[in-house]
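# Geometric and topological summary
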Amino acid sequence: MKSLGLQFDSVSPEEASLINSQLVITTKQESSLVGRKNILLDSEFDDEPALVRVKILRSLMGLYQDDQLVIGVDPGKRIGIAVFYLQKEIESRVLTSMQKSVELITMLIEGITSRKKIIRIGYGDPTMARQIATRLYGKFKDNITIEFVNEYGTSSARVTDTNRRGIRDKISARAISLRKGKPFRPILSIS
């Protein structure tokens, strides 16, 4: 809840049943004591943290007009990934494997219900950008929009400490996710 910038109170199940709150997070055993519809079970928090954040946001926001999912990818030795849903950043991380990055993005695409899913990939490393885009397109075809984004100006020059380089990749992925790109066109082979 803190990572989403949401205020919350810790109360007993009996108190939760009496207060007017948008959402109650509780255990399965205590859910009957709360007696409400707007409940998330703590057992759902065993999922990927980004998916938990999505469940919380979706519960709080209800039907929201701009429910698009936008994932920014900064390819390279370290692959920065930034994820936005309901106009909030729900995840930012750095991975060192293209395979793990594609797996994470795949899990997010499959696990998040949204009207529109946009993957924006920085084009500073064209070979890796095309490989990531091709793998994702192979799985999801036209159910997602993939864009290549010019990375110029996405790196933070102020982050120079070698122990903090991952921060630069996260910042770049965030900037990429917020920048409109050019549509990815898969290369079709004709046999």
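Analysis parameters
- Residues numbered from 1 in each chain as written.
- Predicted model: local features only at pLDDT ≥ 70, side-chain atom pairs only at ≥ 80, totals over all residues.
- Heavy atoms only, no water.
- Helix = DSSP H or I, 4+ residues; strand = E, 2+ residues; numbered from the N terminus.
- Buried < 20%, exposed > 50% of the residue type's maximum accessible area, 1.4 Å probe, protein only.
- Pairing = 2+ DSSP bridges.
- Expected span 1.5 Å × (residues − 1).
- Contact = heavy atoms within 4.5 Å.
- Patch = residues over 30% accessible without salt bridge, like charges linked within 9 Å, V, L, I, M, F, W, Y side chains within 5 Å.
- Areas by Shrake-Rupley, 256 points an atom, 1.4 Å probe, with all protein chains shown as cover.
- Salt bridge = Lys/Arg side-chain N within 4 Å of Asp/Glu carboxyl O.

Attention now moves to the environment of arginine 185. Inspection of the secondary structure assignment puts arginine 185 in the segment after β8 (182–183). With 52 residues separating them in the primary sequence, arginine 185 and alanine 133 have C-alpha atoms 9.2 Å apart.

What follows concerns the pairing of strand β4 (residues 79–85). Among the seven residues in β4, seven count as buried, and that is most of the element. The alternating pattern of β4 places Ile79, Ile81, Val83 and Tyr85 on one face and Gly80, Ala82 and Phe84 on the opposite face, and all of these are buried. Pairing between strand β3 (residues 69–74) and β4: six bridges, direction antiparallel. Paired with valine 73 across the strands is isoleucine 81, a residue of β4. Taking the residues that link successive antiparallel strands as the turn, the β3-β4 hairpin has four residues, and the phi of glycine 76 there is positive, at about 160°.

All right, on to helix α3 (residues 49–61) then. When the terminal C-alpha atoms of α3 are compared, their 18 Å separation across 13 residues agrees well with the 18 Å that a helix rising 1.5 Å per residue should span. Looking only at α3, the buried set comprises Ala50, Leu51, Val52, Arg53, Val54, Ile56, Leu57 and Leu60. Of the surrounding secondary structure, the elements contacted by the buried residues of α3 are β1 (24–26), β2 (39–41), β4, β5 (88–95) and α4 (98–111).

With respect to topology, six strands assemble into an open sheet ordered β5-β4-β3-β6-β7-β8, the strand pairing being mixed. Across the chains shown, the open sheet's two edge strands, defined by having one partner strand only, are β5 and β8.

Residues Val11, Leu18 and Ile19 make up a contiguous nonpolar surface patch of roughly 290 Å² in combined accessible area. Within the secondary structure, isoleucine 19 sits in the loop between α1 (13–18) and β1. Residue classification places isoleucine 19 among the partly exposed positions, given a relative accessible area of 37%.

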